[in-house]
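One letter stands for each residue in the lines below.
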Amino acid sequence: MFHLMPWPHLPESYAGPAWVKCPNAFYDGRRGHALYNRYLDELVRAEALGFDGVCVNEHHANAYGNMPSPNLIASILARQTERMRIAVVGNALPLYNPPLRVAEEYAMIDCISGGRLIAGMVVGGGPEYYSNGINPAEARERFSEALDLIVRCWTEPGPFVHTGKHYKLRYVNPWPTPVQKPHPPIWIPGAGSYETMDFVARRRWAYMGIPYFHKRIFKRNFDYFREACAKEGYAASPEQMGWLVPVYVAETDARARAEFEPHLWYFARKLLPGINVSPPGYTSPRSALKMLGAFGDFMLNVGSWDEIVDGAYAIVGSPATVRTQMAEMIHWLGVGNVLTLLQLGTLPADLTRRNMELFATEVLPHLRNEIGPRAAAS
Amino acid sequence: MPARRIVQVAGKDVRLLTGGDGPPLLYLHAVGADVDWLEIHDRLARHFTVHLPAHPGFAESTGIEQVDGIADVVLHYVDLLGVLGLRAVPVVGASFGGWIAAEIAALYPERVERLVLVDALGLWIDAAPIGELFGSTPPELAEVLFHDQDHPLAQMLRAMTSIADVPEDFAHAQLKALEAAAKVGWNPYMHDPKLEVRLRRVTAPTLVVWGREDRLVPLVYGERYRDRIPGAGLEVLPRCGHLPAIERPAELAEVALDFLAQT
């Protein structure tokens with residue numbers, strides 16, 4: 001189960017972006033106190049309901065997801081849960097200087113949780129480069145150098161010297177080191193840039209498709225990823241591909257739509273505007289144009305419920321409907337990891353709770369049988 | 001029409017347009033708009049042999065991977081002058097190119113004979129932050145760049161909702177140019193904190209030219225350049241935004257040529 005920890009209290013009248021310049025006067029710490037604790041309860045509860053894991057991620061200066069430090073949330077989960085995986089997907093490596101901080105904090109979470117961390121590494125969304133001042137034209141270089149350094153921290157005895165283009169460190173010797181050997185599994189989320197998919201294929205790690213796109217964009221990206229793996233001389237395994245999707249289950253199709261639709265539109269119309277910012281050099285011009293070309297297939301530009309359903313932007317319905325649609329998508333996309341967003345936008349605590357319960361009891365067991373015991377529904 | 005050639009400078013390809021008669025003049029262009037040969041270059045070329053190189057990463061010029069900041073660009077142009085066999089030249093620099101020109105004149109004063117800065121980036125004034133060049137939509141760009149919103153280029157920008165709306169070649173070139181500009185000027189944003197104090201080193205007679213309605217780099221920046229460069233003058237062009245070379249080429253050429261003709 002994936003959680004964004006969104007801000008559900010943007011004023012009705014506000015029509016600006018949810019990112020970079022969204023006034024933080026809209027934030028209220030007292031409401032924040034209630035929200036963080038409610039959202040943490042939801043994540044903790046996922047374990048008792050039988051989920052394989054929970055996912056959290058990093059965003060800054062926005063209303064879409066209020067985890068500037070997902071590691072703080074993950075460390076709480078490490079203490080409050082016992083069995084399930086904790087996936088941080090991920091830390092935006094170019095924003096950490098030196099990136100040793102990521103190696104250290106991830107190792108702490110892995111130790112505290114007894115080896116349950118999945119270590120996600122991201123370039124960071126386009127808006128983060130406006131909010132943090134890091135040069136987007138250096139984003140790929142910094143990401144690649146930082147990732148190599150972090151893996152080296154976990155696999156090579158310290159102290160050692162690191163002399164890269166962006167980071168120069170004479171004594172690299174992080175304490176602690178992770179429980180999992182040689183290191184926690186590495187997941188890389190991406191929005192379809194060629195650079196990221198080629199990179200993940202080369203390292204044989206796992207690629208998570210960023211959601212809110214039409215299903216044909218997912219398909220195109222996973223097909224490209226499989227080809228990229230084939231070019232590297234191996235067949236991609238389903239576990240190397242993750243599909244992240246909003247899901248809502250209720251007793252009937254009609255009730256599911258009626259309960260969920262307003263919260264989905266809050267998400268699409270209030271929280272997505274501004275997410276698609278692509279600062280200069282953030283991707284190659286070739287990838288930037290490809291991603292801009294896909295923009296018509298982005299949830300921000302979807303106007304009707306029928307389009308949501310047809311494009312599988314979200315899977316919404318009765319248990320039977322959701323089972324069927326998800327099984328079809330899993331087969332069609334060829335993915336082995338399914339990351340479900342069971343809270344979205346303004347979806348309140350009571351509906352989120354029932355959604356999680358219905359999904360866990362009526363859908364999850366079926367999907368396990370459908371896609372085999374190896375498939376992880378996190 | 002100017003002659004087009006590719007010149008090698010320290011392992012980089014430089015697209016160089018050269019046209020006109022008379023003594024040499026180096027024109028350093030803005031973020032894309034005047035990288036091609038325009039009316040302003042024709043007008044200057046009536047009195048000078050105008051050299052119009054594309055900065056690294058712009059048009060067919062390569063080598064952006066060798067550029068990590070403004071100092072690399074300055075050295076690049078000092079190297080280019082060497083390749084062209086030019087000891088000291090008059091330099092006209094607009095916007096981004098104005099920043100580069102001011103840096104060259106401060107760091108290598110002996111290489112700049114006379115200096116014309118046109119709505120130059122390069123300084124920072126807290127009370128009047130430079131406008132958003134990277135994060136603006138095309139219609140927002142039209143708003144900050146142009147005084148005359150009916151100018152054909154402003155109209156084109158205003159009609160676009162995204163860079164994806166323009167022909168792919170053009171979009172590709174624009175994205176590449178913005179990437180190249182970001183490598184130099186993302187942070188600190190389009191300026192060099194050291195430049196202002198270094199401007200006292202400029203020995204070239206200097207004219208600062210500014211569009212009065214520049215909303216990207218407001219007129220106070222022109223006044224600051226005038227105040228910091230010893231003996232500099234300031235010419236303000238009315239009814240003109242950030243790009244006099246595009247919006248007021250005749251007036252810009254006239255004031256620049258008047259100044260360059262003085263001895």
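Above this text is the structure in question.
Just so you know, the residues in each chain are numbered from 1, in the order the chain's sequence is written. Lettering of chains starts at A and numbering of ligands starts at 1, both following the order in which they are written. For a predicted model such as this one, the threshold for reporting local features is a pLDDT of at least 70, and the threshold for listing and counting side-chain atom pairs is 80 or more; totals across whole chains, interfaces and linings nevertheless cover every residue. Here the side-chain values reflect all heavy atoms present in the structure, with hydrogen atoms and water set aside.

**Student:** Please provide a residue-by-residue account of the interface of chain B and chain A, values included.
**Tutor:** The contact criterion used is simple: two residues touch if any of their non-hydrogen atoms lie within 4.5 Å. Taken together, the contacts link 19 residues of chain B with 16 residues of chain A. Two parts placed together each lose some accessible area under a 1.4 Å probe, and adding up what both lose gives the buried area. Approximately 1,400 Å² of surface area, both sides summed, lies buried where chain B meets chain A, with 68% of it carried by carbon and sulfur atoms. Only one rule defines a salt bridge in this text: a Lys or Arg side-chain nitrogen within 4 Å of an Asp or Glu carboxyl oxygen. Between chain B and chain A we count 1 salt bridge in total. K165 of chain A is the partner of D68 of chain B in a salt bridge, and the nearest nitrogen-oxygen pair spans 3.1 Å.

**Student:** Go over the packing of aromatic side chains, please, and point to the residues and values.
**Tutor:** Residues and elements named next belong to chain A. Stacked, edge-to-face and tilted are the three classes for Phe, Tyr and Trp ring pairs, Trp counted by its six-membered ring, which pair at centre distances within 6.5 Å; planes under 30 degrees apart are stacked, over 60 edge-to-face, the rest tilted. A complete count under the given rule lists 22 aromatic pairs over all chains for this structure. With a centroid separation of 5.0 Å and an interplanar angle of 55°, the aromatic rings of Y194 and Y224 are classed as tilted. Linking Y194 in helix α6 (residues 194-203) with Y224 in helix α7 (residues 215-231), this pair joins segments that are 30 residues apart in sequence. In this pair, the class of Y194 matches that of Y224, namely buried. Relative to F222, the ring of F218 lies with its centre 6.2 Å away and its plane at 20°, an arrangement referred to as stacked. Here F222 and F218 lie together in helix α7, a separation of 4 residues that amounts to about one turn. Here the term buried applies to any residue with accessible area under 20% of the maximum for its type, exposed to any over 50%, and partly exposed to those in between, with areas from a 1.4 Å probe on protein chains only. For F218, a relative accessible area of 5% gives the class buried. Elements are defined by DSSP. Helices are runs of H or I of four residues or more, strands are runs of E of two residues or more, and each kind is numbered from the N terminus.

**Student:** How would you sum up the sheet that holds strand β3 (residues 24-28) of chain B? Please name residues and give values.
**Tutor:** Residue and element names in this part refer to chain B. Spatially, 8 strands are ordered β1-β2-β4-β3-β5-β6-β7-β8 in an open sheet, and the strand pairing comes out mixed. At either margin of the open sheet sits one strand with a lone partner, and together these are β1 (3-9) and β8 (233-237). Sheet twist, expressed as the mean angle between neighbouring strand axes with direction ignored, is 25°. Across 4 bridges, strand β6 (residues 112-118) lies against strand β7 (residues 206-211) in parallel orientation. Opposite V118, over in β7, you have V209 as the bridge partner. Relative to β1, helix α2 (residues 70-83) is tilted by about 115°, and along the sheet it contacts β1, β2 (12-19), β3, β4 (49-53) and β5 (89-94). Contacts from helix α10 (residues 249-261) reach β3, β5, β6, β7 and β8 within the one sheet, and its direction differs from that of β6 by about 155°. Here, any two strands with at least 2 DSSP bridges between them count as paired. A fitted line through C-alpha atoms serves as each axis, taken over the contacting stretch for helices, and the angle formed by two N-to-C directions is quoted from 0 to 180°.

**Student:** An account of the pairing of β4 of chain B is requested, with residue identities and associated values reported.
**Tutor:** All names here are of chain B. Where burial is concerned, most of β4 is hidden: 5 out of the 5 residues are buried. Of the two faces of β4, the one carrying T49, H51 and P53 and the one carrying V50 and L52 are both buried. Two elements, β2 and β4, share 4 bridges in a ladder whose sense is antiparallel. Across the sheet, L17 pairs through a bridge with L52, a residue of β4. Note: β3 against β4, 3 bridges, orientation parallel.

**Student:** I'd like to hear about the environment of H172 of chain B, residue by residue, with values.
**Tutor:** Counting through the fold element by element, H172 of chain B comes out in helix α6 (residues 168-185). A C-alpha to C-alpha distance of 10.0 Å links H172 of chain B and A59 of chain B, two positions 113 residues apart in sequence. Not counting residues within four places of it along the chain, the set of residues in contact with H172 of chain B comprises P285, R286 and L289 of chain A.

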